[in-house]
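Coordinates in review
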Amino acid sequence: DIPQVKMGATVQREVVITNEGKQPLQIKALQPNCNCLKAEIQPLEIKPGAQAKLIVTFLAEGRKGTQHKAITIYSNDPGRPVQRLSVVAVVN
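Residues numbered from 1 in each chain as written. Predicted model: local features only at pLDDT ≥ 70, side-chain atom pairs only at ≥ 80, totals over all residues. Heavy atoms only, no water.

Once that is clear, we can look at the sheet that holds strand 6 (residues 51-59). With respect to topology, 3 strands assemble into an open sheet ordered 2-6-4, the strand pairing being antiparallel. Both edges of this open sheet fall to strand 2 (10-18) and strand 4 (37-42), since each of them pairs with a single strand only. Going across the sheet, the axis of each strand differs from the next one's by a mean of 20°, ignoring polarity. For strand 2 and strand 6, the ladder comprises 9 bridges, and the chain directions are antiparallel. Bridged to Gln-12 within strand 6 is Thr-57. (Pairing = 2+ DSSP bridges. Helix = DSSP H or I, 4+ residues; strand = E, 2+ residues; numbered from the N terminus. Axes fitted to C-alpha atoms, helices over the stretch in contact; angles between N-to-C directions.)

Estimated volume of the largest pocket: approximately 380 Å³. Within the residue set of the lining of the largest pocket, elements represented by two or more residues are strand 2, strand 3 (25-32), strand 7 (65-75) and strand 8 (82-91). Class assignment of the residues belonging to the lining of the largest pocket gives a composition of 10 nonpolar, 7 polar and 5 charged. (1 Å grid on protein atoms, 1.4 Å probe; cavity = no way out; pocket = protein on both sides within 12 Å on 5 of 7 lines; lining within 4 Å. Points joined across faces, edges and corners; volume = space filled by probe spheres on them. Nonpolar A, V, L, I, M, F, W, Y, C, P; charged D, E, K, R; others polar.)

It is a general feature of regular strands that their side chains alternate between the two faces of the sheet. Here strand 3 runs beside strand 5 (residues 45-46); their pairing, made up of 2 bridges, is antiparallel. Opposite Leu-25, over in strand 5, you have Ile-46 as the bridge partner. The pairing of strand 3 with strand 7 spans 5 bridges and is antiparallel. Looking at strand 7, one finds that Gln-31 is bridged to Thr-72.

Moving on to unusual backbone geometry. Along the chain, Gln-42 connects to Pro-43 via a cis peptide bond; the corresponding omega equals -5°. Relative to the elements of secondary structure, Pro-43 occurs in the loop between strand 4 and strand 5. One non-glycine residue, Gln-4, adopts positive backbone phi at about 50°. Looking at the element boundaries, Gln-4 is found in strand 1 (residues 2-5).

Along the polypeptide, Leu-44 turns up in the loop between strand 4 and strand 5. Classification of Leu-44 as partly exposed rests on a relative accessible area of 47%. For the pair Leu-44 and Lys-28, spaced 16 residues apart in sequence, the C-alpha separation works out to 7.4 Å. When residues no more than four places from it in sequence are discounted, the contact partners of Leu-44 are Leu-25, Gln-26 and Ile-27. (Buried < 20%, exposed > 50% of the residue type's maximum accessible area, 1.4 Å probe, protein only. Contact = heavy atoms within 4.5 Å.)

Right under this line is the structure:
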């Protein structure tokens with residue numbers, strides 16, 4: 001969640017992704033559903049027990065009010081290869 005963002009501002013948040021599996025987790029793609037969102041993760045392959053930081057950037061240019069956006073994460077996870085990360089921002 002990104003509370004109280006001024007219109008035109010750029011805000012970044014970090015989300016920690018942990019590989020709790022026994023095999024390397026490969027991030028194949030990150031797909032934001034809006035050009036107001038950017039997502040980057042390093043490394044793209046997370047070793048078992050390791051973590052990676054997902055950097056989410058929200059651009060509040062031309063936006064007002066409560067924004068509900070999402071980033072779809074595609075990976076080699078056999079149980080959940082597609083996951084959706086919700087992003088909520090309130091733009092003033």
